[in-house]
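Take a look at the letters that make up each chain.
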Amino acid sequence: LEIVWQIKIKYKELGGVKMNLMLLGAPGAGKGTQAKELIDKYGIPQISTGDLFREAIGNKTELGMKAKEFMDNGQLVPDSLTMSIVEERFKQPDCQNGFILDGFPRTVFQAEELDKMLSKMGKKIDKVVALEVRDSEIVERITGRRISKSTGKIYHIKHNPPIDEKLEDLYQREDDTEEIVVKRLTAYKNQTAPVLDYYKTQGKVISVDGEQEVSKITADIMKILG
Ligand code: AMP
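Fair warning: this is a prediction, and the values are worked out from it, not measured in the lab. (Residues numbered from 1 in each chain as written. Predicted model: local features only at pLDDT ≥ 70, side-chain atom pairs only at ≥ 80, totals over all residues. Heavy atoms only, no water.)

Undergrad: Would you explain the pattern of salt bridges in this entry?
TA: Any two side chains of opposite charge can pair, on the condition that their charged atoms come close. Following the criterion strictly, the structure yields 16 salt bridges and no others. Between aspartate 51 and arginine 54 there is a salt bridge; the shortest N-O distance is 2.9 Å. One end of the pair is aspartate 51 and the other is arginine 54, both in helix H3 (residues 49-58) and three residues apart, which spans about a single turn. Taking the relative accessible area as the measure of exposure, aspartate 51 reaches 33% and is therefore partly exposed. For arginine 54, a relative accessible area of 27% translates into the label partly exposed. (Salt bridge = Lys/Arg side-chain N within 4 Å of Asp/Glu carboxyl O. Helix = DSSP H or I, 4+ residues; strand = E, 2+ residues; numbered from the N terminus. Buried < 20%, exposed > 50% of the residue type's maximum accessible area, 1.4 Å probe, protein only.)

Undergrad: Looking at this structure, I do not really get the sheet that holds strand S1 (residues 19-24). What am I missing?
TA: Paired through their backbone hydrogen bonds, the strands of a sheet run either parallel or antiparallel. Spatially, S2-S3-S1-S4-S8 is the arrangement adopted by the five strands of the open sheet, whose pairing is parallel. What marks the edges here is a single partner per strand, and that holds for strand S2 (46-48) and strand S8 (205-209). Between one strand axis and the next, the sheet turns by 25° as a mean value, whatever way the strands run. Two strands pair when backbone bridges link them, and S1 and strand S3 (residues 98-102) are joined in this way by five bridges, in the parallel orientation. Residue leucine 21 lies in a different strand from S3, and its bridge partner there is isoleucine 100. Seen against the sheet, H3 touches S2 and S3 and runs at an angle of roughly 65° to S2. (Pairing = 2+ DSSP bridges. Axes fitted to C-alpha atoms, helices over the stretch in contact; angles between N-to-C directions. Contact = heavy atoms within 4.5 Å.)

Undergrad: Is there a simple way to think about helix H8 (residues 178-201) in this case?
TA: Between its first and last C-alpha atoms H8 spans 34 Å; for 24 residues at 1.5 Å apiece the expected length is 34 Å, and the two agree. By the largest-angle criterion, lysine 189 marks the main kink of H8, which is about 45°. Here H8 has its buried residues at Ile180, Val181, Arg184, Leu185, Ala187, Tyr188, Thr192, Val195, Leu196, Tyr198 and Tyr199. Immediately beyond the C-terminal end of H8, within one or two residues, lies glycine 203, with a positive phi of roughly 70°. (Expected span 1.5 Å × (residues − 1). Bend = angle between axes of the 7 residues up to and from the residue.)

Undergrad: What is the right way to read the site of the ligand from this model?
TA: Near the ligand you find 16 residues, and of these Thr49, Arg54, Gln75, Val77 and Gln110 are the closest. Within the side chain of threonine 49, an N or O atom sits 2.7 Å from a nitrogen atom of the ligand. Between an oxygen atom of the ligand and a main-chain N or O atom of glutamine 75, the distance comes to 2.6 Å. Summarising the interface, the protein chains cover 96% of the accessible area of the ligand, which totals 480 Å² for the free molecule. Its residues assigned to classes, the shell around the ligand comprises five nonpolar, six polar and five charged. (Near = heavy atom within 4 Å. Polar contact = N/O pair within 3.5 Å; in protein donor to acceptor, adjacent residues only side chain to side chain. Areas by Shrake-Rupley, 256 points an atom, 1.4 Å probe, with all protein chains shown as cover. Nonpolar A, V, L, I, M, F, W, Y, C, P; charged D, E, K, R; others polar.)

Undergrad: When you look at unusual backbone geometry in this model, what are you seeing that I'm missing?
TA: One can expect most non-glycine residues to show negative phi and most peptide bonds to be in trans. Following phenylalanine 104, the chain continues into proline 105 via a peptide bond in cis, with omega recorded as -5°. Within the secondary structure layout, proline 105 lies in the loop between S3 and helix H6 (108-120). Of note in this structure, lysine 60 is not a glycine but carries a positive phi near 55°. With respect to the element layout, lysine 60 can be found in the loop between H3 and helix H4 (62-72).

Undergrad: I would appreciate a short explanation of the pairing of S1 in the present structure.
TA: On a regular strand, one side chain projects to one face of the sheet and the next to the other, so that they alternate. Within S1, six of the six residues are buried, which leaves the element mostly enclosed by the surrounding structure. Alternating positions in S1 separate into two faces, Met19, Leu21 and Leu23 on one and Asn20, Met22 and Leu24 on the other, with burial throughout. Bridge count for S1 against strand S4 (residues 127-132) is four bridges, and the pairing is parallel. Within S4, the residue paired with methionine 22 across the bridge is valine 128.

Here you go:
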């Protein structure tokens, strides 16, 4: 019993599981959904550059206003703006015991800068989870995606409608229209897909079938991570 207590105390001191994870995949592959599952399971925060930009837009900051122009067009926000928002986020104390990167890095330049930034902090990326979903699925998923204003939970009008939450509580992201999704997919293919190869050469990529049930995907990820 004494040993069990000591392990529990040590675990708490360490702040749960120390893991620096990254979720990679096309828009709509389920990165945000899985990040939210993993926050609870591992006790580490999600860092979503998309969420950080949307927060900056909501606060009408200068950075937010600059980012909005690109986001509204389905284009990537320039690397310099992206790196500055990430650098600020990493200064927060909750990232010290691990994090789940969601939607970042999206260019090889960002990946290289991230590695440099982490190495200065004595950290590194442990694993990269690649969520694999066919293109034909993406458009259907994104255009049907709705988000809860009160909880931030992600739903789909057809495949995963809310049970507890009211439909009035849901909203659709401005860039989740078919026209913009096509542009976001092009940006993914041209600029973000090479990031996967970057981490493959580092031997860090775990590929997971992203077309299964949400809970099955989470289970697969956790099984591989241990
Ligand atoms: P997301 O919420 O991850 O789908 O991101 C929404 C939009 O924010 C993207 O279409 C981009 O315009 C912008 N964005 C988010 N993360 C990044 C990033 N790491 N680099 C460049 N642009 C980003």
